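# Examination of the molecular architecture
One letter stands for each residue in the lines below.
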Amino acid sequence: MSKITGNNKKILAILMFNIFIVMVGVGLITPIMPQLIVEFGASGQSIGLLVAAYGITQFLLSPQTGQMSDRYGRKTFIIAGAIVFAVAKFIFAIGDALWMLYTSRLLEGVAAALIVPPMVAYVADITTMEERAKGNSLLAAAMSFGFVVGPGLGGFLAGYGTRMPLYAATGAAIAAVIVSLVWLPESLTKEQMKEARSKVTKRESFLQQYVKSLQSKYAMIFLLVMVMTFGLANYEAVLGLYVTNRFHFTPQHIAVILTAGAVIGVGMQALLAAKAIKKFGENKTIKGSLLFVSFAYVVLLFANHFWSIFLVTSCIFFASAMLRPALHTKLSKMAGNEQGYAAGMNNAYISIGNILGPTLAGFLFDVNMFAPFLAGSCILLAAYLMALSKIRT
């Protein structure tokens, strides 16, 4: 596989920094959420809804932002997203009413929609087909790492004050804006943007876009992206509650499991994902990862001490981290000159997973603490069987 060299390495580093900041900020509220809910006198159901809220605006906007970045450039949307994200975290930090917290989470979804699709398309702009898997692996590693490190980091910073993680996220987002303004170039030429604008057709509603996406050649990949995100969001949303209720783990135990498990899983992804995709191909990597995570969910229910849960969690993060770049690489290769559209719809299906995962997990956990993991296992197994029959090796 060709190596990514020269200026593209610096560009990828900037993109990875941006997406890491966003994903950390999305996840770091998880350990402080129960305390905030008690502070505002809200119900426990509010936790699941607040965690899932940002997926709503991400769901609504992602199809548009991907295509618009084809027409007006990637850099503008990435910077705008980082600014919106900084505003969102600051509102959460100073929020003294529940509606402010929901406003913040909805703005986070806007930020994710502005940042992620143009960023995925950016990688396609600056890499060749041979480099694509490596570029997607690095971006996915930063995304996965941020998403699973967020809760652990939030728990650590909360030791200095409940709102401290939020102020830290605000500062990090401002730093991302400055870095992108100064060092991130535009990946599209003026001619490419002008050509994309000349091809603008009648604007479809977002529901029409989703219906169209399910009839497109990308439909299977979009559905698998949704299932992948659902699985990870489902797992992360209730793992802390599960180990606290069943084993009386402390917040420090949970932080170690999530953070160290993420370091191991994503670190292995950065080293092995591109090599695995090259050796086995995207299709086998996708199928193998789905089957592995489905099996690991069941194994978790038999783990009965800290280190066994730590090991299973690390394996789940690793397999999920392998799955993400395989899906992104396959989608990018299929997209051709529709990189913005494909990336936008990809992010939209991620948002659906981020809405359904925590919401369903919270509901099922109230029924039975084992139910979220069994449901997750069944859904991932169904996705594996679907991929087995629909995706040809």
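Predicted model only: the values in this text are computed from it and were never measured. (Residues numbered from 1 in each chain as written. Predicted model: local features only at pLDDT ≥ 70, side-chain atom pairs only at ≥ 80, totals over all residues. Heavy atoms only, no water.)

### Let's talk about the overall build of the protein
Looking only at helices and strands, the protein features 14 helices and 0 strands. Beginning at the N terminus, the succession of helices and strands in the protein can be written as α-α-α-α-α-α-α-α-α-α-α-α-α-α. Over its C-alpha atoms the protein spans a radius of gyration of 20 Å, differing by no more than 12% from the 21 Å that the globule rule assigns to 393 residues. With respect to the three principal axes, the spread of C-alpha positions in the protein is 60 × 45 × 40 Å. Across the 393 residues that make up the protein, the buried fraction comes to 57%. When the accessible surface of the protein is totalled, it reaches about 16300 Å², and 68% of it is carbon and sulfur. Averaged over its 30 positive side-chain charges, the protein has a centre that lies 7 Å from the centre of its 15 negative ones. (Helix = DSSP H or I, 4+ residues; strand = E, 2+ residues; numbered from the N terminus. Rg over C-alpha atoms; globule rule 2.2 N^0.38 Å. Buried < 20%, exposed > 50% of the residue type's maximum accessible area, 1.4 Å probe, protein only. Areas by Shrake-Rupley, 256 points an atom, 1.4 Å probe, with all protein chains shown as cover. Lys, Arg positive; Asp, Glu negative; His and termini not counted. Charge placed at Lys NZ, Arg CZ, Asp CG, Glu CD.)

### Regarding the domain arrangement of the protein
Domain boundaries in the protein define domain 1 (1-203) and domain 2 (204-392). Spacing between the C-alpha centres of domain 1 and domain 2 amounts to 18 Å. Contact residues are listed per partner, giving 45 residues for domain 1 and 44 residues for domain 2. Interface area, domain 1 with domain 2, both sides summed: about 3800 Å², of which 66% is carbon and sulfur. (Domains from an automatic or database assignment. Contact = heavy atoms within 4.5 Å. Buried area = accessible area lost by both parts, 1.4 Å probe.)

### Thoughts on the packing of aromatic side chains
Throughout the structure, instances matching the rule amount to 15 aromatic pairs. Note on Phe-222 and Tyr-349: the rings are 5.2 Å apart at their centroids and 5° apart in plane angle, and the pair reads as stacked. In this pair, Phe-222 is assigned in helix H10 (residues 219-247) and Tyr-349 in helix H13 (residues 339-367), connecting sequence segments 127 residues apart. An identical accessibility class is assigned to Phe-222 and Tyr-349; each is buried. An aromatic cluster is built from Tyr-235, Tyr-242, Phe-247, Phe-249, Tyr-297, Phe-306, Trp-307, Phe-310, Phe-317, Phe-370 and Phe-373, whose rings are joined through pairwise contacts. Here the guanidinium or amino end of Lys-89 rests over the ring plane of Phe-92, the centre of that ring lying 5.6 Å away. (Phe/Tyr/Trp six-rings, centres within 6.5 Å; stacked < 30°, edge-to-face > 60°. Lys NZ or Arg CZ within 6 Å of the ring centre and 35° of its normal.)

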